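Letter by letter, the chains look like this.
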Amino acid sequence: MSDSTDRGDGTTVYQPAEDSRLLAEAAVERVGDDERVLEVGTGSGYVAGRVAAETDATVVASDLNPHACRTVRETARSEGVALPVARGNLTHPFRAGAFDRVLFNPPYLPYDPDAARDDWMERALTGGETGREVIEAFLDDVGRVLAPEGHVLLLVSTLTDIERVAAYAADRGLAASTAREESFPFERLAALSITPEH
Ligand SMILES: C[S@@+](CC[C@H](N)C(=O)[O-])C[C@H]1O[C@@H](n2cnc3c(N)ncnc32)[C@H](O)[C@@H]1O
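Attention in this report is confined to the structure presented alongside it. Bear in mind that the values here come from a model prediction, so they are computed numbers and not experimental data. (Residues numbered from 1 in each chain as written. Predicted model: local features only at pLDDT ≥ 70, side-chain atom pairs only at ≥ 80, totals over all residues. Heavy atoms only, no water.)

**Examining the sheet that holds strand β7 (residues 187–196)**
Here is step 1: Strand order in the open sheet formed by seven strands is β3-β2-β1-β4-β5-β7-β6, with mixed pairing between adjacent strands. In this open sheet, the two edge strands, each paired with only one partner strand, are β3 (85–87) and β6 (174–184). Between one strand axis and the next, the sheet turns by 20° as a mean value, whatever way the strands run.
Here is step 2: Where strand β1 (residues 36–40) lies against strand β2 (residues 58–63), five bridges are found, and the strand directions are parallel. In the sheet register, V40 faces β2, and the bridge partner there is S62.
Here is step 3: Helix-sheet contacts for helix α2 (residues 46–54) involve β1, β2 and β4 (99–104), and the interaxial angle to β2 is about 175°. (Pairing = 2+ DSSP bridges. Helix = DSSP H or I, 4+ residues; strand = E, 2+ residues; numbered from the N terminus. Axes fitted to C-alpha atoms, helices over the stretch in contact; angles between N-to-C directions. Contact = heavy atoms within 4.5 Å.)

**Comments concerning unusual backbone geometry**
Here is step 1: A positive phi angle is found at E149, which is not glycine, with a value near 70°.
Here is step 2: Position of E149 among the secondary structure elements: in strand β5 (residues 146–157).
Here is step 3: For D161, which is not glycine, the phi torsion reads 75° and is therefore positive.
Here is step 4: For D161, a relative accessible area of 27% puts it in the partly exposed group. (Buried < 20%, exposed > 50% of the residue type's maximum accessible area, 1.4 Å probe, protein only.)

**Here's the deal with the site of the ligand**
Here is step 1: Within the structure, the ligand sits among 19 residues, and S20, E39, G41, D63 and N89 are positioned closest to it.
Here is step 2: At a separation of 2.7 Å, an oxygen atom of the ligand approaches a polar side-chain atom of S20.
Here is step 3: N89 places a side-chain nitrogen or oxygen 2.8 Å from a nitrogen atom of the ligand.
Here is step 4: Look at the ligand: alone it shows 610 Å² of surface, and the protein chains cover 97% of it.
Here is step 5: Counting atoms within 2 Å of the grid points, the majority share of the ligand lands in the largest pocket. (Near = heavy atom within 4 Å. Polar contact = N/O pair within 3.5 Å; in protein donor to acceptor, adjacent residues only side chain to side chain. Areas by Shrake-Rupley, 256 points an atom, 1.4 Å probe, with all protein chains shown as cover. 1 Å grid on protein atoms, 1.4 Å probe; cavity = no way out; pocket = protein on both sides within 12 Å on 5 of 7 lines; lining within 4 Å. Sits in = over half its atoms within 2 Å of the grid points.)

Next up, the structure:
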């Protein structure tokens with residue numbers, strides 16, 4: 001997980017790190033050219049931008065952080081990439097059945113009172129006391145926006161307890177399996193492929 005660029009003016013946007021790259025690789029490998037793809041929590045737009053550039057899928061990006069949304073719009077415009085961006089909370093702004101694939105590299109670090117900072121970087125990194133609060137809120141609603149046969153790719157870390165994420169998904173009728181993983185000195189990252197159980 002990146003420490004990212006703190007511009008010191010409250011406009012911090014998470015910059016791509018190893019977790020972003022793992023999710024992007026898993027997505028580019030799997031996304032079909034006719035798919036409608038949503039990236040939730042797009043940050044700099046790195047993952048959505050790669051899927052838009054490397055596949056013929058229709059890609060939409062979203063984030064709660066208005067500075068991230070502005071950055072992604074500006075980058076897409078300057079690079080001539082078609083990448084609409086919506087500001088909003090998780091999948092809530094989107095209509096039922098709208099996407100074949102939803103991607104999310106969530107804030108997943110457990111809250112650390114000694115490192116806490118009340119800013120957008122905290123929102124990008126921290127998933128509440130357990131590290132799973134934003135992930136669980138995402139899993140509560142993501143099934144609604146998936147088209148029939150739709151898939152989710154969710155980035156998780158051993159710091160967040162991957163088995164508990166999979167168990168929470170299963171309780172909501174979602175089956176999780178590992179699509180891609182990579183180990184680092186302090187954590188193992190996995191891109192989970194999650195599908196509704198029919
Ligand atoms: C770990 S960063 C990932 C950024 C980017 N997708 C990447 O992989 O480099 C998490 C992102 O989720 C966004 N985020 C946090 N809570 C959110 C929420 N409730 N709804 C939408 N986005 C959220 C943060 O602003 C941040 O941009």
